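Structure at a glance
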Amino acid sequence: MSEPTQSTKFGEEPESPQRRKVLGWLVGVINLLVVGAVIGPVLGFMGGPLARRRESPQWIPVMDESDLPDGSVREVKYAVRVQDGYRIANHEYVVYLKRNGSEVIALDPTCTHLGCRVKYQEEKSRFFCPCHGGVFDAEGKVVSGPPPRALDRHSAKFEGGKVWVKREA
Ligand code: FES
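Here's what I pulled together on the structure shown here. (Residues numbered from 1 in each chain as written. Predicted model: local features only at pLDDT ≥ 70, side-chain atom pairs only at ≥ 80, totals over all residues.)

1. Section: the pairing of strand 2 (residues 73-84)
Summarising the sheet, strand 2 and strand 3 (residues 87-100) pair through twelve bridges and their orientation is antiparallel. Within strand 3, the residue paired with Lys77 across the bridge is Val94. Linking two consecutive strands that pair antiparallel, namely strand 2 and strand 3, is a turn of two residues; a positive phi of about 70° is found at Gly85 within it. (Pairing = 2+ DSSP bridges. Helix = DSSP H or I, 4+ residues; strand = E, 2+ residues; numbered from the N terminus.)

Structure below.
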């Protein structure tokens, strides 16, 4: 006895397995395009702020050049607007600027021993750490005490009548 065959309308050819396969692939490709059109913008929206987090540091004008006489050391507070993922915050920093003629150096006030904040005493031309007695000279080099190395420096320059600082970390 022969197996029942699929009935077809008059004049219509039966669907071949190859045609079904091609249609299946076509439906799969269309589904992928639709899913990509929906998910792509969502991923871009969510991932954009995270990608911007790795922006390189910017030069920030922190004071007028005329307010930093030759040989002087000045403490400067400044804020940097930082986008950290989805959050935008103002990070506040302190830096000591020292002018040597046409050059300027920017010293980080964080003691290199255990991270206390050093304070500059103009009359002694020294930075003193209140925690364990570390002492640094006006260029940030260790004079005495436990600090293992000089104060960290940030990039600094004069430009357009301003003092600019770029904070690497
Ligand atoms: S933290 Fe400055 S000397 Fe220890």
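That shown, we press on.
2. Here we look at unusual backbone geometry
The phi torsion at Ser125 lies on the positive side, around 50°, for a residue other than glycine. Relative to the elements of secondary structure, Ser125 occurs in the loop between strand 5 (119-121) and strand 6 (126-128).

3. Details of the environment of Gly160
Relative to the elements of secondary structure, Gly160 occurs in the loop between strand 9 (153-159) and strand 10 (162-166). Among the residues examined, Gly160 registers 7 C-beta atoms within 10 Å and is labelled exposed. (Buried ≥ 20, exposed ≤ 12 C-beta atoms within 10 Å, placed from the backbone.)

4. Focus on the sheet that holds strand 9
Across the sheet, six strands lie side by side as 1-10-9-4-3-2; this open sheet has antiparallel pairing. Every interior strand has two partners, whereas the edge strands, strand 1 (59-64) and strand 2, have only one. Direction aside, neighbouring strands of the sheet carry axes that sit 35° apart on average. Pairing geometry for strand 3 and strand 4 (residues 103-107), over five bridges, is antiparallel. (Axes fitted to C-alpha atoms, helices over the stretch in contact; angles between N-to-C directions.)

5. Some details on the nonpolar core
Of all hydrophobic cores here, the largest spans 15 residues; its most connected members are Val95, Leu97, Ala106, Leu107, Val118, Ala156 and Val165. Only strand 3, strand 4 and strand 10 provide two or more residues apiece to this core. Counting residues per element, this core draws most heavily on strand 3, at three residues. The residues contacting Val165, other than those within four sequence positions of it, are Ile60, Val62, Val95, Ala106, His154 and Ala156. (Core = buried A, V, L, I, M, F, W, Y, C linked by C-beta atoms within 7 Å. Contact = placed C-beta atoms within 7 Å.)

6. Here's the deal with the sheet that holds strand 5
Strand order in the open sheet formed by four strands is 5-6-7-8, with antiparallel pairing between adjacent strands. Each edge of the open sheet is held by one strand with a lone partner, namely strand 5 and strand 8 (142-144). When strand polarity is set aside, the average angle formed by the axes of neighbouring strands in this sheet is 35°. As paired elements, strand 7 (residues 135-137) and strand 8 share two bridges and run antiparallel to each other. In the strand pairing of strand 8, Phe136 is matched with Val142.

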